[in-house]
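What follows is the residue order along each chain.
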Amino acid sequence: MTPSDQIESLLLRVLQDATPAEYQFGYHLPFSYLSDVTGLDLEITRGFMRSMRNRGFVRCGTGFREDDGLIAGGGYTLTPAGLVHLGNLVDKARDALLRASDMATRQRREAMG
């Protein structure tokens with residue numbers, strides 16, 4: 001899993017985890033929130049979110065205040081394609097861990113030989 005994959009996975013997971021179930025693909029979170037929660041620099045967060053938007057994994061939209069309905073800025077939400085992409089990234093990470101574990105097991109066996 002590349003560093004870029006890790007960052008995308010982190011950002012997509014935050015979008016997924018911070019979104020109430022009833023708003024699965026319509027709850028928009030701003031760059032500042034994503035940056036704060038992940039600890040990533042704001043410009044790095046912005047660049048990754050725009051890249052994922054261009055590939056259809058997230059969508060940009062307007063956010064609203066719950067108390068009065070006034071427009072309170074914009075943010076990003078996960079798309080169905082983004083949810084699939086997150087699943088693929090998780091699978092990729094799991095496969096890499098399994099390969100590393102298999103390699104370590106083989107090396108131990110060879111050392112015991």
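Reference entry: report on the structure contained in this document. Fair warning: this is a prediction, and the values are worked out from it, not measured in the lab.

Another aspect to go through is the overall build of the chain. Check the secondary structure of the chain and you find 4 helices and 2 strands. Secondary structure of the chain in N-to-C order comes out as α-α-α-β-β-α. Out of the 113 residues belonging to the chain, those deemed buried represent 29%. The contacts of the chain with a sequence gap of at least 6 include a subset with a gap of at least 24, amounting to 57%. When the accessible area of the chain is evaluated, it comes to approximately 7200 Å², of which 54% is carbon and sulfur surface.

Here we come to the packing of aromatic side chains. Counting across every chain of the model gives 1 aromatic pair. With centroids separated by 5.3 Å and ring planes inclined at 45°, the aromatic side chains of F31 and Y76 adopt a geometry described as tilted. In this pair, F31 is assigned in helix α2 (residues 31-38) and Y76 in strand β2 (residues 71-78), connecting sequence segments 45 residues apart. The same class applies to F31 as to Y76, namely buried.

Our next topic: helix α4 (residues 80-112). Taking 1.5 Å of rise per residue, the 33 residues of α4 would be expected to cover 48 Å, and the 48 Å separating its terminal C-alpha atoms lies within 8% of that figure. Listing the buried residues of α4 in full gives G82, H85, L86 and L89.

Positionally, H85 belongs in helix α4. Judged by its relative accessible area of 14%, H85 is buried. In terms of polar contacts, H85 uses its side chain to reach the side chain of E8, at 2.7 Å. Setting aside residues up to four positions removed in sequence, H85 forms contacts with E8, L12, R55 and F57.

Glancing now at the environment of G82. Assignment of secondary structure puts G82 in helix α4. Those residues in contact with G82 that lie beyond four places of it in its chain are L12, G56 and F57.

Enumeration over the complete set of coordinates arrives at 4 salt bridges. Note that E8 is salt-bridged to R55, the shortest N-O span being 2.3 Å. Of this pair, E8 sits in helix α1 (residues 3-18) while R55 is found in the loop between α3 (42-54) and β1 (58-64), placing the two residues 47 residues apart along the sequence. On the accessibility criterion, R55 (39% relative accessible area) is partly exposed. Its salt-bridge partner being D91, residue R94 comes within 3.1 Å of it at the nearest N-O pair. Of the two residues, R94 and D91 both sit in helix α4, 3 residues apart, roughly one turn of that helix.

Let's shift gears to the packing of α1 against α4. Where α1 meets α4, the closest approach of the two axes is 10 Å, and the angle between their N-to-C directions is 130°. By the angle between their directions, the pair α1 and α4 is classed as oblique. In terms of crossing hand, the pair formed by α1 and α4 is left-handed. From α1, D5, E8, S9, L12, R13 and Q16 reach across to α4, where they touch G82, L83, H85, L86, L89, V90 and K92. Residues of the contact of α1 with α4, tallied by class, amount to 5 nonpolar, 4 polar and 4 charged.

Cut-offs applied
Residues numbered from 1 in each chain as written. Predicted model: local features only at pLDDT ≥ 70, side-chain atom pairs only at ≥ 80, totals over all residues. Heavy atoms only, no water. Helix = DSSP H or I, 4+ residues; strand = E, 2+ residues; numbered from the N terminus. Buried < 20%, exposed > 50% of the residue type's maximum accessible area, 1.4 Å probe, protein only. Contact = heavy atoms within 4.5 Å. Areas by Shrake-Rupley, 256 points an atom, 1.4 Å probe, with all protein chains shown as cover. Phe/Tyr/Trp six-rings, centres within 6.5 Å; stacked < 30°, edge-to-face > 60°. Expected span 1.5 Å × (residues − 1). Polar contact = N/O pair within 3.5 Å; in protein donor to acceptor, adjacent residues only side chain to side chain. Salt bridge = Lys/Arg side-chain N within 4 Å of Asp/Glu carboxyl O. Axes fitted to C-alpha atoms, helices over the stretch in contact; angles between N-to-C directions. Parallel < 35°, antiparallel > 145°, perpendicular 65-115°, else oblique. Left-handed = near helix turned anticlockwise from the far one by under 90°. Nonpolar A, V, L, I, M, F, W, Y, C, P; charged D, E, K, R; others polar.

Note that all results are geometric; they support no functional claim without further evidence.
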